[in-house]
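An overview of the molecular structure
Letter by letter, the chains look like this.
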Amino acid sequence: MNAGCVILACTLLVGASSGSKAGQPLKPPCRPGFSQNFYTVIVSRDLLHGQSILKDTTLSSERVKFEDCQRNREVGFVSSDPNFSVRPDGTVYAEQEVGNLSEPVQFMVTARGLHDPHIWETTVKLALAGHPHPSPFTKIGIEEMLSRVWDSPPRVIKFLRKHQRGSSANGLRRQKRDWVIPPINVPENSRGPFPHMLVRIRSDQDKDVGIRYSITGAGADQPPSGIYNIDPISGNMFVTQPLDREERASFHLRAHAVDMNGNQVENPIDLYIYVIDMNDNRPEFQNQVYNGSVAEGSKPGSSVMQVTATDSDDSTTANGMVRYRILSQSPHSPIPNMFTINSETGDIVTVAAGLDREKVSQYTIIVQATDMEGNLNFGLSNTATALISITDINDNPPELTVRTFSGEVPENKVNVVVTNLTVVDRDQPHSPNWNAVYRIVSGDPSGHFTIRTNPITNEGMVTVVKPVDFEMNRAFMLTVVVSNQAHLASGIQSSLQSTAGVTISVQDVNEPPVFPVNPKMIRFEEGVPAGTTLTVFAAQDPDHFIHQTVRYSKLSDPANWLKINRTNGQITTMALLDRESIYVKNNVYEATFLAFDNGSPQASGTGTLQIYLIDVNDNAPVLIPREAQVCERARPNSRINITASDADADPNIGPFVFELPSFPASVRRNWTISRLSGDYAQLRLRIPYLEASVYEIPIIVSDSGNPPLSNRSVIRVKVCPCDDNGDCSATGAVAAAGLGTGAIISILICIIILLSMVLLFVVWIKRREKERQTKQLLIDPEDDVRDNILKYDEEGGGEEDQDYDLSQLQQPESLDHIINKPTGVRRVDERPVIAESQYPVRPSLPHPGDIGDFINDGLRAADNDPTAPPYDSLLVFDYEGSGSTAGSVSSLNSSSTGDQDYDYLNDWGPRFKKLADLYGGGDDD
C-alpha cells in the first residue's frame, strides 16, 4: 500500500439475485438499493500523520459494489460533497487535498440509472481511527450532512462538446463519447436564504461571442413555474423557494445557450435535480383505534391483530422506514406484558398464557410507530390504540344454585309452570356457552313434565304438558341435569352441581263426573210408545276420596222425545221415535245430558246418547209424477213413465206394485199399466182415441214391506191433440187445460176491451198535444235564450246615466218590525220575523195559457209581503249615509196594473219579437 493511500472499509451492496439453482436454497427476492442506509469509514491516524490526502487519492481498497437486479442497468454514483466522488466501479476517492480529519466528514452518495428515473441514496461517514464518532443516525449528523450539501461551492457544468480525431489511412473520424452530467441534489425544507445558487452553466464559446443562458421544463417555465431560474449572462442557476420532496421528488430541466441574435450556440443539456428527503413526516396509522380479539386460554404466539402505519417520507431511506413497539398494556393482569408486536410488520401476538375472559374481558394496548428504523433519538413517532377483546370459550359449566327444588301443581292442569330452576354460568351471557339446556333423566316415565329455558334469565321452567291425576300420583320426584348449548372446552369437566332433584306435589281438586261410555250408542225400533225406558245413562265421580252425589239433567234434546231421571240417569221416551224425522241423521238421533256433583265448587260433565232407530214399514209409497200429458190418439211414444217414493228404508221400499182400481170402470177401460222394472211402470191409453181433456186417474201403489203398505194416488193427465212430432198443439193445449167455448169467448172480449182503452188513451194524448200547439208559449223556441250564452258588447254608463230612484236602497224606516231595532244599519240579508204571505202554488204540469195568471198572482203576493227579498241576498251592504236618494228596492212598483206602452220592444231585435207581440198589441193578446 502506498503512503498516500487511505484505506476506506466501505462496501456498498445493492440487492441480491432473485434466482436460485436447482438443489440450492431459495434466496430472498432481489430488491434494488443499497444494502445499508449508512456506512462508516474508519481512517487510520498513522496514515494522516504529517501527510495530506491528495486529489485522486484512493480511499477504498475495495470497490463500491452496486448490483442491480436486471444485470444490464448502467448506474452512476454522485457524491453530495464536492471533495469526494465515487467512480463507476464503486471506488470512493478524494477530489481535493484534505489536510486532516479532525472532525468526521459525512456526505450522501446517490445512485441513479442512466436510462431510467430511479435513484437510490446512502450516507457515508469518514472518521479518524480512535476518534469518537457518534451513532450514524443522529440529528446532528444529518444536519451537518445537509449543511455541507447546501453550503458546498456550486459546480460548473459545461455544455458537452463532440471531439473528433482523424484516422491515419482513410480519414475516418471517431466521435468521442459524451460525458454524463451528474444530477443536482437539493435538500427539501431548506431555510434559505433564497434564491440559492445551485450550479453554473457555462459554454466554452462565451469568450468569443456573447452568450445568453436559459432553462426550460417543469419548475422553470412550466408548472410549477418559478422554482428555478438562471442568470442569462453569468449562467448561474438558482432555486427560489424551499422544496418538498413529498410534493415533487425530482425535476428535469434543459439548459440552453444562444448568441445575442437568438441563434443556438450549444446543444441543450439535460439537468436532473433530485430533492433530498428529510425526515419531516411522522408515521400515520390508518386507524386511531384498532379492534382485535383472541380467545381466552390461547397459547403463546397466537395471532391477535395487525396495526399499520405509513410514512410519507422516502421508504427507501431510513426516513420512511417505520418500526413498531408497545408502549403500555392495561390492565396488567395477569402480567404486564401479555402481548408483543413485530417491529416491522405490526403483527400483535400473545407471549404468555393466562388469558381469562371472566377476569379480564378486554385489554387496551398503546402502540407506537417510529420512523428512522425505530431510532428514538431523532425519529418521529405516532401512537394508536389497540383494543383486544378476549372472546369466550365454554370453560365454565353451568351450576344449579341448590341441590333440591320443589313445587306443586293442581291435577288436570296443563301448561302450568311448577317451579323455576336457577342456574349460574360465568361464561358470556346469551351465548351458546351460557345458554342452559335442561333434561329430566328420571322420575317422569309417562312424560307429564318438560323443562323449558327462559331465554332472558336462563332459568329452567318445569312445565306440565300432560295432566296429572291426584288419585293416581300424589307426588313426583324428578332428577334434572343442566348443560350448555355448546360443548365444554377441551379439558373442562362437568360440575357436580349440574344435577339436582325436583319434588312436585299434586293438589286434589273437585273433578267433574265422567260418563264411562261417551258417546253411548243404543238401538231401538222407531215408533216405540211414550214412557218406554231406553237405557240408564249414569256418570261416575272420579273423586274417590270424597263422597259426593251426582245429579242429572237434560242439556240438548232437539225433538223433545226423551227425559232423564234426576237421580239415577234413566232415559225414558216422552213421544214416538220417528226415524223419518228431520232431527234424525243417518238413522241416528243424538241427545246430550249433564251430570253434576255437589262439590265446592260444583263440577259438571256432559255425555252424549246416540239412538240408532231401526226402520219399520210405517210410510206408504207416493206416486211420482203427479201430472203428465199424452196425445189423444194412441201412439208408440205417447206413454207416461211412473214410479213411487217411500220415506222408509230398505227393505220397506221397492220394488213397488202399480195397479189401476176397478172403480170407476172407465179407468181400466181407457188406460192400462205395464211394469218396466221393480221401481218403474208405464201408463198408456188402452183405446185408440180419447177426447182431449184433463183426466184424474187413480193408481194404487204398494211397497215391499212386511206387511206391505198401499197408497191410492191420483195422477193428473192432460190429453191433447198432437202434431207430427208428438207434441201438443197450442189449441189442443188450451182445450186440454179444460177451457170451454164460453171461457175462450170471454177471454177474447176482455182482450178487445183492453185494446180499445189503450187506443182511446193514445187519441186523448194526441188531442192534448194538438191543443198545446195551437196556443204557443210566451217565447218562441227559436227565441228562447235560457239555455244560451249571450255576449253584450257594451254596458250602461253607471248610476248617473240612469233614471233610477236610488232612495229605495236606503234602510226603510216605515216598517214596524224594524222600529224597535237599535239605531244603525240593518242587515238586508236578515229575514224579518213576520208571518209569511201565502204565494200561489204552481201546478206540476202547468198549461202554457196559465202562465200569465200565475205571474200576476205572484206579483200581487210579493207587493204585499214585507218578508220578501232582498232579505235573502248573499251580500251584506254597509250603511251609505242618510243623504242617499235611493229607497228600498223591495218597495219598487212591480204591479202589472195600469197602462204602459210596450212598443219599444219592437226595437230590441228578433229575440224580443214575441214579447212585443204579447204586450205591444200584436195579434196574440
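If you look the protein chain up in an unreviewed UniProt entry, it shows as Cadherin-4 from Astatotilapia calliptera. UniProt's Function (unreviewed entry) comment on the protein chain is quoted here verbatim: "Cadherins are calcium-dependent cell adhesion proteins."

Before going further, it helps to spend a moment on the packing of aromatic side chains. Scanning the entire structure with this criterion turns up 10 aromatic pairs. Here the aromatic rings of Y228 and F251 are separated by 5.0 Å at their centres, their planes lie at 75°, and the arrangement is edge-to-face. In this pair, Y228 sits in strand β14 (residues 228-230) while F251 sits in strand β16 (residues 250-258), placing the two residues 23 residues apart along the sequence. Counting every residue linked through ring pairs, the aromatic cluster contains F515, F537, Y552 and F593.

So, on to a nonpolar patch on the surface. Together, L754, V758, F761, V762, W764 and I765 line one region of the surface with nonpolar side chains, adding up to about 600 Å² of accessible area. Summarising the element assignment, W764 is placed in helix α5 (residues 741-774). With a relative accessible area of 48%, W764 lands in the partly exposed category.

To continue, consider the UniProt feature "transmembrane region" (unreviewed entry) in the protein chain. The positions that UniProt labels "transmembrane region" (unreviewed entry) are, in the present scheme, residues 743-765. In the segment residues 743-765, helix accounts for 100% and strand for 0%; the C-alpha atoms at its two ends are 34 Å apart.

Positionally, S713 belongs in strand β50 (residues 710-720). With a relative accessible area of 3%, S713 lands in the buried category. Among the polar contacts listed, one links the side chain of S713 to the side chain of N711, at a separation of 3.2 Å. Excluding its chain neighbours within four sequence positions, the residues that come into contact with S713 are V622, L623, I697, P698 and I699.

The next thing to look at is the state of the cysteines. Should the sulfur atoms of two cysteines be covalently bonded, the bond is a disulfide. Tallying each qualifying case throughout the model produces 2 disulfides. Across a sulfur-sulfur distance of 1.8 Å, C631 and C722 are joined as a disulfide pair. When the S-S torsion is -105°, as for the bridge of C631 with C722, the disulfide is left-handed. Note that C631 is positioned in strand β44 (residues 627-631) and C722 in the loop between β50 and α4 (730-736), a separation of 91 residues in sequence. Taken individually, C631 and C722 each receive the classification buried, so the pair is uniform in this respect. One disulfide bridge connects C720 with C728, the sulfur atoms lying 1.5 Å from each other. Taking relative accessible area as the criterion, C728 reaches 23% and is therefore assigned partly exposed.

Procedures and definitions
- Residues numbered from 1 in each chain as written.
- Predicted model: local features only at pLDDT ≥ 70, side-chain atom pairs only at ≥ 80, totals over all residues.
- Heavy atoms only, no water.
- UniProt positions renumbered as here; feature names shortened; annotations may be inferred.
- Phe/Tyr/Trp six-rings, centres within 6.5 Å; stacked < 30°, edge-to-face > 60°.
- Helix = DSSP H or I, 4+ residues; strand = E, 2+ residues; numbered from the N terminus.
- Patch = residues over 30% accessible without salt bridge, like charges linked within 9 Å, V, L, I, M, F, W, Y side chains within 5 Å.
- Areas by Shrake-Rupley, 256 points an atom, 1.4 Å probe, with all protein chains shown as cover.
- Salt bridge = Lys/Arg side-chain N within 4 Å of Asp/Glu carboxyl O.
- Buried < 20%, exposed > 50% of the residue type's maximum accessible area, 1.4 Å probe, protein only.
- Polar contact = N/O pair within 3.5 Å; in protein donor to acceptor, adjacent residues only side chain to side chain.
- Contact = heavy atoms within 4.5 Å.
- Disulfide = S-S within 2.5 Å.

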